[in-house]
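# Structural features, examined
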Protein chains: 4
Amino acid sequence: MQEGAQVVVEVQGAMSPQQLIGTLVKAGELTDPASPRGRLLNAAARLFEQKGFSRTTVRDLAAEVGILSGSIFHHFSSKEQILCEVMKEVTIFASARMRSAVEQAASPQERLRACIQSELEAIHERAVPGFSILVMEWRSLSDKSQKEVLLLRDEYEQIWLDAINSARCPGGDATVVRRLMVGALSHTYSWFKARENGLTIPELADRAYQIFAPKS
Amino acid sequence: MQEGAQVVVEVQGAMSPQQLIGTLVKAGELTDPASPRGRLLNAAARLFEQKGFSRTTVRDLAAEVGILSGSIFHHFSSKEQILCEVMKEVTIFASARMRSAVEQAASPQERLRACIQSELEAIHERAVPGFSILVMEWRSLSDKSQKEVLLLRDEYEQIWLDAINSARCPGGDATVVRRLMVGALSHTYSWFKARENGLTIPELADRAYQIFAPKS
Amino acid sequence: MQEGAQVVVEVQGAMSPQQLIGTLVKAGELTDPASPRGRLLNAAARLFEQKGFSRTTVRDLAAEVGILSGSIFHHFSSKEQILCEVMKEVTIFASARMRSAVEQAASPQERLRACIQSELEAIHERAVPGFSILVMEWRSLSDKSQKEVLLLRDEYEQIWLDAINSARCPGGDATVVRRLMVGALSHTYSWFKARENGLTIPELADRAYQIFAPKS
Amino acid sequence: MQEGAQVVVEVQGAMSPQQLIGTLVKAGELTDPASPRGRLLNAAARLFEQKGFSRTTVRDLAAEVGILSGSIFHHFSSKEQILCEVMKEVTIFASARMRSAVEQAASPQERLRACIQSELEAIHERAVPGFSILVMEWRSLSDKSQKEVLLLRDEYEQIWLDAINSARCPGGDATVVRRLMVGALSHTYSWFKARENGLTIPELADRAYQIFAPKS
DNA sequence: GATGAATGAGCTTTCATTCAT
DNA sequence: CATGAATGAAAGCTCATTCAT
């Protein structure tokens, strides 16, 4: 099933976020967003991103999906577990999305460009919201949960490191460059609003690429 | 390029953080860090940075300076006001620090380099902790407080925009570049530890400079 | 004159306080006193009357009905809302009670007499305690809550004004007379104890009637 | 000195409130309203009347007279003692005022009329505010303080009982009549505003007199 | 006498979590 | 599975009172 999923992902690089989610759901890697659990995770992602983890109450969450707060604990054992699951699903989705984007890129430069745009899309798309949570709410996670997420996260980061290395970006070793980049990109959540800034996501990706790309 | 950086560091040594604070205190722009209010603000900056605003209780804060929780409200009218005051003082200090660093830089490139290093020092120095709070806890501030801080913040950002513009950085208009930079630099708080990464702040500033500086 | 009073008492006996409450509960106008919310409201009425609103803590209230203080906020959003709800329910109950008493009175004089006795019973009966709160704790209510209660209160006061007008009481316009009466009657809560004063409520109502009734 | 005071009071029946206060201050029966203690008592009377005892903080009180809250305790040992002293001074002032008013009345009816007007003036005059506190905040007083005030109060009430008895008011024994009256009159504080109701204090006294006076 | 800092008990309220129905 | 009532710990905050200066 894992393999099946990867095959599908590879073949359909031009899939819409909705299609990609559908594929990953069928592969058992993501929770069905139509299920109670899935609706809860989506609502959580949205609220944690908007208001922050600790300013979001389980009552807010329950209200958002139209149940009572007590019922949440039939699906998750704690509020923190919800955060953890959100982060895992977001990571899985972002990984799949980025892998498919990178695979379609021809040159190292294009690969880097694809990574940047893919991450920005993950941050700002409505499809599976919550990417900025990975950065902003990292400290809200227990050590145990952090480890769980890091396991999935490593895979995602490896794609980045490869892209940065092969594109020969300035700024020294790829780890440091990537860390500066993750800060820059995730912070866009706080200020970039597609409608207001007169800037589209691809345009924003261009700007970031101009900065981080190798000097020609 | 490394040399340019080192020059800045030496020159800037003209006034230590402690001295600068002393000057600002005498000018009535900062609270005396030895006063009860000042000790509270410093402790708040430290704790808000370490644990986050909402995970820090007023009891934590009180314990940190050796008083009882009720006594805090002699000096501040609410927990949120403490955050606001911390942000204002941090901004004032960071502005003064950066202005003096920029003034001693000879070229546009050196000015940009000075800005980067100055902000990194603000983030990681112990002198006036709390710079990363400005980014990380922005949403914990009420609209009213945000406006108060923004008034001071504008001044600080203007120095940056001037530096970015005159250095002719890539990435389009200076506002967007600065926003990407803010994210990149403030996020270093989460991962950069001078002792562990085998990287000093000037070295880290160099890396960032290599990325954001104009392509030669 | 004593006889007139006794007739009213006998006739009014047609419905006991308990029965009237039952009817109002079924009609959805009062909270069921057996429900958690109803038990809380009754306890609040008792305590606010005995100790005053601000000297009654939500912990007192919770202890009185055998729950913990936090649980109160499942039923009410604030302590002040409890006061508001108590006042509304007391007003509704007192209105219904007085209306039925007045309807059974034959003459204008008997109607006034019935009003006086009905209000005294509302003040001193155990059935729905809390009438004196309406006067004594009025200032503890926010402006918004005051308006809510006044809406219900107007109806109650209209019955009084009609009775005063048709009985041709001395003392000028009915509004002023009623206000003097409200003060006189509600203050009895502070000094009248049926067992101690050697005076029953109907007897006390007689005394008040002798004072406020038209001079023959 | 006690005698001297009484002589003065007798002789100058037409004294203004200010003059009467001056006399009582000289006789050592009231605190000089210009002294810090006196200003505190006046402010307390005003605030307790406006907002209620428990809703008035010692900080409010201090702010009202322009000192800091800690300084209050150089003049009074507790907040409750302030209330007690206010009540005592108000009682002394109201007694002196009513005694002089009653002495100038020719008939029993006029004496009753004088009592009513005198009490209304005590309630609504600005000179020594706080009469309504005697009724409204009685429960805020400790048992010990209640006894102290009652000692002075008895004298005041005796004047009333004599007036009621000699005027042959309806409503049974004078104690009950007086109690109904004190409720009616003190409650006027809550609704009577000289400027708004189109009713002066003497006119209001007339209305009350028409109600409580003997039926002709 | 006043100040300002601190106390400490107690307040109302919040909230993740539990559990009988 | 969902409900709704309750829990209980802990939160932010209030306030009368104390006391060294």
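In this text the structure is predicted, and so the values were computed from the model without any measurement.

## Thoughts on the protein's contact with DNA strand E
Neighbouring DNA strand E are 31 residues, the closest being Val58 of chain A, Ser71 of chain B, Arg59 and Lys79 of chain C together with Leu68 of chain D. The sugar-phosphate portion of DNA strand E accounts for 52% of its atoms within 4 Å of the protein, the bases making up the rest. A distance of 2.9 Å is found between a phosphate oxygen of DNA strand E and a backbone nitrogen or oxygen belonging to Val58 of chain C. Of the residues assigned to the surface near DNA strand E, the class counts are nine nonpolar, 18 polar and four charged.

## Structural notes on the UniProt feature "domain: HTH tetR-type" (unreviewed entry) in chain A
With numbering aligned to this structure, UniProt lists the feature "domain: HTH tetR-type" (unreviewed entry) at residues 34–94 of chain A. Annotation note: span residues 34–94 of chain A, helix share 66%, strand share 0%, distance between end C-alpha atoms 19 Å.

## So, the environment of Asp60 of chain D
Residues and elements named next belong to chain D. Along the chain, the position of Asp60 falls in helix α4 (residues 58–65). Using a relative accessible area of 24% as the deciding quantity, one classes Asp60 as partly exposed. For the pair Asp60 and Ala44, spaced 16 residues apart in sequence, the C-alpha to C-alpha distance is 9.1 Å. Residue contacts for Asp60: discarding those within four places in its chain leaves Leu47, Lys51 and Arg55.

## Digging into helix α9 (residues 174–191) of chain D
When the terminal C-alpha atoms of α9 of chain D are compared, their 26 Å separation across 18 residues agrees well with the 26 Å that a helix rising 1.5 Å per residue should span. Burial analysis of α9 of chain D places 15 of its 18 residues in the buried class, which makes it a mostly covered element.

## Brief notes about the protein's contact with DNA strand F
The environment of DNA strand F is made up of 30 residues, and the closest members are Leu68 of chain A, Lys79 of chain B, Ser71 of chain C together with Val58 and Lys79 of chain D. Those atoms of DNA strand F that come within 4 Å of the protein belong to sugar or phosphate at a rate of 54%. Within the side chain of Ser69 of chain B, one N or O atom sits 3.4 Å away from a base nitrogen of DNA strand F. Looking at the surface near DNA strand F, its residues break down into nine nonpolar, 17 polar and four charged.

## Description of the arrangement of the chains
Nowhere do chain B and chain C come into contact; their C-alpha atoms are at least 20 Å apart. Without any contact between them, chain A and chain D keep their closest C-alpha atoms 32 Å apart.

## Overview of the packing of helix α3 (residues 36–51) of chain C against helix α5 (residues 79–103) of chain C
Residues and elements named next belong to chain C. Running from amino to carboxyl end, α3 crosses α5 at an angle of 90°, the nearest separation of the two axes being 10 Å. As far as their axial angle goes, α5 and α3 are roughly perpendicular. Within the contact between the two elements, α3 uses Arg37, Leu41, Ala44, Ala45 and Phe48 and α5 uses Ile82, Leu83, Glu85, Val86 and Glu89. For the contact of α3 with α5, the class distribution of residues is seven nonpolar, no polar and three charged.

## Here's the deal with the relation of the copies chain A and chain B
Superposition of chain A onto chain B requires a rotation of 179° combined with a translation of 0.1 Å along the rotation axis, giving an RMSD of 0.1 Å. The transformation just described matches what one would write down for a two-fold rotation axis.

## Some words on the interface of chain A and chain B
With 37 residues of chain A at the interface, the matching set in chain B holds 37 residues. The three residues of chain A that bury the most area against chain B are Arg139, Leu180 and Ile211 of chain A, which together make up 25% of that side's buried surface. Glu137 of chain A is the partner of Arg139 of chain B in a salt bridge, and the nearest nitrogen-oxygen pair spans 3.9 Å. Breaking the side of chain A that touches chain B down by element, the ones donating at least two residues are α3 (36–51), α7 (131–136), α9 (174–191) and α10 (201–212) of chain A. When residues in the side of chain A that touches chain B are grouped by element, the largest group, ten residues, is from α9 of chain A. In terms of residue class, the side of chain A that touches chain B is built from 17 nonpolar, eleven polar and nine charged.

## Focus: the nonpolar core
Core analysis: the biggest nonpolar cluster contains 122 residues, and Ile82, Ile116 and Trp160 of chain C together with Ile82, Ile116 and Trp160 of chain D have the highest contact counts within it. Beyond its immediate sequence surroundings of up to four residues, Trp160 of chain C is in contact with Met98, Leu112, Cys115, Ile116, Glu119, Arg178, Met181 and Leu185 of chain C. Counting residues in each nonpolar core, the second largest holds 121 residues, with Phe131 of chain A together with Ala44, Ala94 and Cys115 of chain B among its members.

## A closer look at helix α5 (residues 79–103) of chain D
Working note: α-helix, 3.6 residues per turn, so residues spaced by three or four point in the same direction. Look at α5 of chain D: 36 Å from first C-alpha to last across 25 residues, which is about the 36 Å you get at 1.5 Å a residue. The buried fraction of α5 of chain D is high, at 19 of 25 residues.

## Section: unusual backbone geometry
In this structure, Arg168 of chain A is a non-glycine residue whose phi angle is positive, near 55°. Checked against the element boundaries, Arg168 of chain A lands in the loop between α8 (143–167) and α9.

## Digging into the confidence of the model for chain A
The predicted coordinates ought not to be read in detail in places where the model reports low pLDDT. Chain-level pLDDT for chain A is 87 on average; 92% of the residues reach the 70-or-more range. Residue range residues 1–13 of chain A is modelled with pLDDT below 50. Its contacts to residues more than four positions away, or to other chains, number 14 contacts.

## What to know about the environment of Arg46 of chain B
By the element assignment, Arg46 of chain B lies in helix α3 (residues 36–51). A relative accessible area of 28% means that Arg46 of chain B is categorised as partly exposed.

## A closer look at the packing of aromatic side chains
The tally for this structure, following the rule as stated, stands at 14 aromatic pairs over all chains. Judged by centre distance (5.9 Å) and plane angle (55°), the rings of Phe131 of chain B and Tyr156 of chain B are tilted. Pair noted here: Phe131 of chain B is in helix α7 (residues 131–136) and Tyr156 of chain B is in helix α8 (residues 143–167), with a separation of 25 residues, a long-range link. This pair shows no difference in class: Phe131 of chain B is buried, exactly as Tyr156 of chain B is. Across from the ring centre of Tyr189 of chain B, 5.5 Å away, lies the NZ or CZ of Lys193 of chain B, which sits over that ring. The ring of Phe53 of chain D has Lys79 of chain D lying over it, and the distance from NZ or CZ to the ring centre is 4.4 Å.

Definitions and cut-offs
Residues numbered from 1 in each chain as written. Chains lettered and ligands numbered in written order. Predicted model: local features only at pLDDT ≥ 70, side-chain atom pairs only at ≥ 80, totals over all residues. Heavy atoms only, no water. Near = heavy atom within 4 Å. Polar contact = N/O pair within 3.5 Å; in protein donor to acceptor, adjacent residues only side chain to side chain. Nonpolar A, V, L, I, M, F, W, Y, C, P; charged D, E, K, R; others polar. UniProt positions renumbered as here; feature names shortened; annotations may be inferred. Helix = DSSP H or I, 4+ residues; strand = E, 2+ residues; numbered from the N terminus. Buried < 20%, exposed > 50% of the residue type's maximum accessible area, 1.4 Å probe, protein only. Contact = heavy atoms within 4.5 Å. Expected span 1.5 Å × (residues − 1). Axes fitted to C-alpha atoms, helices over the stretch in contact; angles between N-to-C directions. Parallel < 35°, antiparallel > 145°, perpendicular 65-115°, else oblique. Least-squares fit on C-alpha atoms with pLDDT ≥ 70 in both. Buried area = accessible area lost by both parts, 1.4 Å probe. Salt bridge = Lys/Arg side-chain N within 4 Å of Asp/Glu carboxyl O. Core = buried A, V, L, I, M, F, W, Y, C linked by side-chain atoms within 4.5 Å. pLDDT = per-residue confidence, 0-100. Phe/Tyr/Trp six-rings, centres within 6.5 Å; stacked < 30°, edge-to-face > 60°. Lys NZ or Arg CZ within 6 Å of the ring centre and 35° of its normal.

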